[in-house]
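If you want the building blocks of each chain, they are given just below.
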Amino acid sequence: MRDWQPPMYVFIIAGLQKIWDDITFMVILQMIFFWLVMVDAILYFYKMGVPKWILWLAYLYMAFGYSDQIQLVTFWKDIPFGTALVWLTLLLAKVIVEPGSYAKKWYFYVGLSIALFFVAFLRQNGILAVGALIILLPLFFRNRGYIIVSAWMLMTLVIVKGPIYRANNIIPQPSLKYFAMTNDLLKLYFEGYDLDDETIGFCERVVDAEAYRENVTYSTYWNDYFHADLSDVTVSGFVRLYIRNLIKHPKAIIRAFLERTQIIWSITKNDAEITSCIHYVGEMNTIGPELYPHRISNFMTDILTNMVLFLKQNNTIYIFFWRPGIYNLFIILSTMVLLINLKKRNMVVLLPVIPIVLNVFALFVSSGWPDYRYHWPSVLVSWIIVSYVLLLNEETILKTLEI
């Protein structure tokens, strides 16, 4: 088994199938998970005195935002991962704002452990945020509970990615680690830049020639990583290849990088971008039957297809419902507020921001195409970060440092 799909997600789905082998059951569970976390967040910040208009905006967006609803009924690992990242952020915010209320409650540490587990194993890039927290939690808090959580999480990572994966014959997908940055080189390749033989040979190993012949416009969607064998390519060798081309064609590589990651920072849509892979309706509806031959279309299929196609053409709706850029801006501004008011001893206040910041950073490096579902967590977390910053004060921070 290749680890293109996170193996732990496959194990969880296999376990749920033994309870009830029905996709509706799986989707209902992830919807319940989402709303439990969000209701907890809204009630908590309401209790702590966050302005009601912020909570009402967050609630109405989640209740009536059609992109949220479409994500929630999408059977994909990215949905529970996004919810888990929100949960982890909320738990970290709670312990900073009200340290004394959670330091001695065993169920808080259980929840923190589960959230860390989901973030680490439901998406490959989640390991970056979890790895940082494993180190930072014991450093920031002189509390046995956090040391136990970090030790448990570290032990779980070693056991799962070691003996458990080996016992199930899980093989790493060699091309996965080169998935994103290779697209920067492919852009140079297909736009006719002067490339050396090694770069040309590498690009031709991962390109889906038939897809590119049918699609004249370059797109990061048309590659063949699923079948490319890059097991002989070392990380150091690839980095040297990339840097060599960056030095030779700096403007082209930077432009390719910005185009690949433009969903993170831009509020507009370029011509080559596919808005989102949603149930294979809308812009991607033509390939649905190929991937899901047993799916039965009904009247809702046509409704969703027409809705996605229509709403993505409205610029205002597009900015707020298909672009995380404005929400990433909220996160950046909130982080800047924390940094401006930061004293050396108070670095602990940055803890709730770390998961989403490292998630976005991982997507910058590893995201091969601009699909909204990868960046959905930024939309969900933004209002929680803003609410958290509004609640901070010097007295709260000093109490946190005593825990």
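A few words on helix α5 (residues 78-97). Taking 1.5 Å of rise per residue, the 20 residues of α5 would be expected to cover 28 Å, and the 28 Å separating its terminal C-alpha atoms lies within 8% of that figure. Counting buried residues along α5, 20 of its 20 residues qualify, which places the element largely inside the surrounding structure.

What follows covers a nonpolar patch on the surface. On the surface, L329, F330, I332, L333, M336 and I340 cluster together into a nonpolar patch covering about 570 Å² of accessible area. Mapped onto the elements, L333 comes out in helix α19 (residues 325-340).

Bringing the nonpolar core into the picture now. Residues F45, L112, F121, M153, W383 and Y388 are the most contacted members of the largest nonpolar core, which totals 92 residues. Counting residues per element, this core draws most heavily on α5, at 14 residues. Filtering out sequence-adjacent residues up to four positions away, W383 remains in contact with M38, A41, I42, F45, L55, A58 and M62. Counting 15 residues, the second-largest nonpolar core is a separate cluster that includes L185, F202, C203 and L241.

Turning to the environment of Y44, a few remarks are in order. Looking at the secondary structure, you find Y44 in helix α2 (residues 23-48). Under the relative-accessibility criterion, Y44 is labelled buried at 4%. The spatial distance from the C-alpha of Y44 to the C-alpha of L90 is 9.3 Å, given a sequence separation of 46 residues. Excluding residues that lie within four positions of it along the chain, Y44 makes contacts with L90, K94, V97, E98 and Y102. In terms of polar contacts, Y44 uses its side chain to reach the side chain of E98, at 3.3 Å.

What follows is about the packing of helix α8 (residues 126-140) against helix α20 (residues 354-366). Helix-helix packing is characterised by the crossing angle of the two axes and by the distance between the axes. One way to put it is that α8 packs onto α20 with a least axis distance of 8 Å and a crossing angle of 140°. It follows from the interaxial angle that α8 and α20 lie oblique. For the crossing formed where α8 meets α20, the hand is right-handed. Mapping the contact onto sequence places L128, A129, A132, L133 and L136 in α8 and I354, P355, L358, F361 and A362 in α20.

Let's shift gears to the environment of T83. Along the polypeptide, T83 turns up in helix α5. By relative accessible area, T83 is classed as buried at 2%. In sequence terms T83 and W35 are 48 residues apart; their C-alpha atoms lie 9.0 Å from each other. Beyond its immediate chain neighbours, meaning those up to four positions away, T83 contacts F33, F34 and V37.

Where helix α1 (residues 7-19) contacts helix α9 (residues 144-167), the axes come no closer than 12 Å and their chain directions differ by 65°. Remark: the crossing between α1 and α9 carries left-handed chirality. When α1 is examined against α9, the residues P7, M8 and F11 are found in contact with a partner set consisting of V160, I164 and Y165. Its residues assigned to classes, the contact of α1 with α9 shows six nonpolar, no polar and no charged.

Next up on the list: the confidence of the model for the chain. When pLDDT is averaged along the chain, the result is 81, and 79% of the positions lie at 70 or above. Confidence drops under a pLDDT of 50 for residues 282-286, and excluding neighbours within four residues, the segment shows 15 contacts in the predicted structure.

Its 24 residues place the ends of α9 33 Å apart at the C-alpha level, agreeing with the 34 Å of an ideal helix rising 1.5 Å per residue. Approximately 30° is the largest bend angle found in α9, and it occurs at V160, with the proline P163 only one to four residues beyond. Where α9 begins, the side chain of N143 points an oxygen toward the backbone nitrogen of G145, at a separation of 2.6 Å. Just downstream of α9, N169 is the residue with a positive phi angle, here 55°.

Now for unusual backbone geometry. The phi dihedral of N169 is positive, around 55°, even though this residue is not glycine. Secondary-structure assignment places N169 in the loop between α9 and α10 (181-190).

A complete count under the given rule lists 12 salt bridges for this structure. Residue D196 is joined to R244 by a salt bridge in which the shortest nitrogen-to-oxygen separation is 3.1 Å. With a gap of 48 residues between them, D196 in the loop between α10 and α11 (197-206) and R244 in helix α13 (residues 235-248) connect regions that are remote in the sequence. The exposure class assigned to D196 is partly exposed, which follows from its relative accessible area of 24%. Residue R244 is classed as partly exposed on the basis of its relative accessible area, which comes to 34%.

Secondary-structure assignment places T156 in helix α9. The exposure class of T156 is buried, given its relative accessible area of 10%. Apart from the residues within four sequence positions on either side, T156 is in contact with F117 and F121.

Rules and cut-offs
- Residues numbered from 1 in each chain as written.
- Predicted model: local features only at pLDDT ≥ 70, side-chain atom pairs only at ≥ 80, totals over all residues.
- Heavy atoms only, no water.
- Helix = DSSP H or I, 4+ residues; strand = E, 2+ residues; numbered from the N terminus.
- Expected span 1.5 Å × (residues − 1).
- Buried < 20%, exposed > 50% of the residue type's maximum accessible area, 1.4 Å probe, protein only.
- Patch = residues over 30% accessible without salt bridge, like charges linked within 9 Å, V, L, I, M, F, W, Y side chains within 5 Å.
- Areas by Shrake-Rupley, 256 points an atom, 1.4 Å probe, with all protein chains shown as cover.
- Salt bridge = Lys/Arg side-chain N within 4 Å of Asp/Glu carboxyl O.
- Core = buried A, V, L, I, M, F, W, Y, C linked by side-chain atoms within 4.5 Å.
- Contact = heavy atoms within 4.5 Å.
- Polar contact = N/O pair within 3.5 Å; in protein donor to acceptor, adjacent residues only side chain to side chain.
- Axes fitted to C-alpha atoms, helices over the stretch in contact; angles between N-to-C directions.
- Parallel < 35°, antiparallel > 145°, perpendicular 65-115°, else oblique.
- Left-handed = near helix turned anticlockwise from the far one by under 90°.
- Nonpolar A, V, L, I, M, F, W, Y, C, P; charged D, E, K, R; others polar.
- pLDDT = per-residue confidence, 0-100.
- Bend = angle between axes of the 7 residues up to and from the residue.

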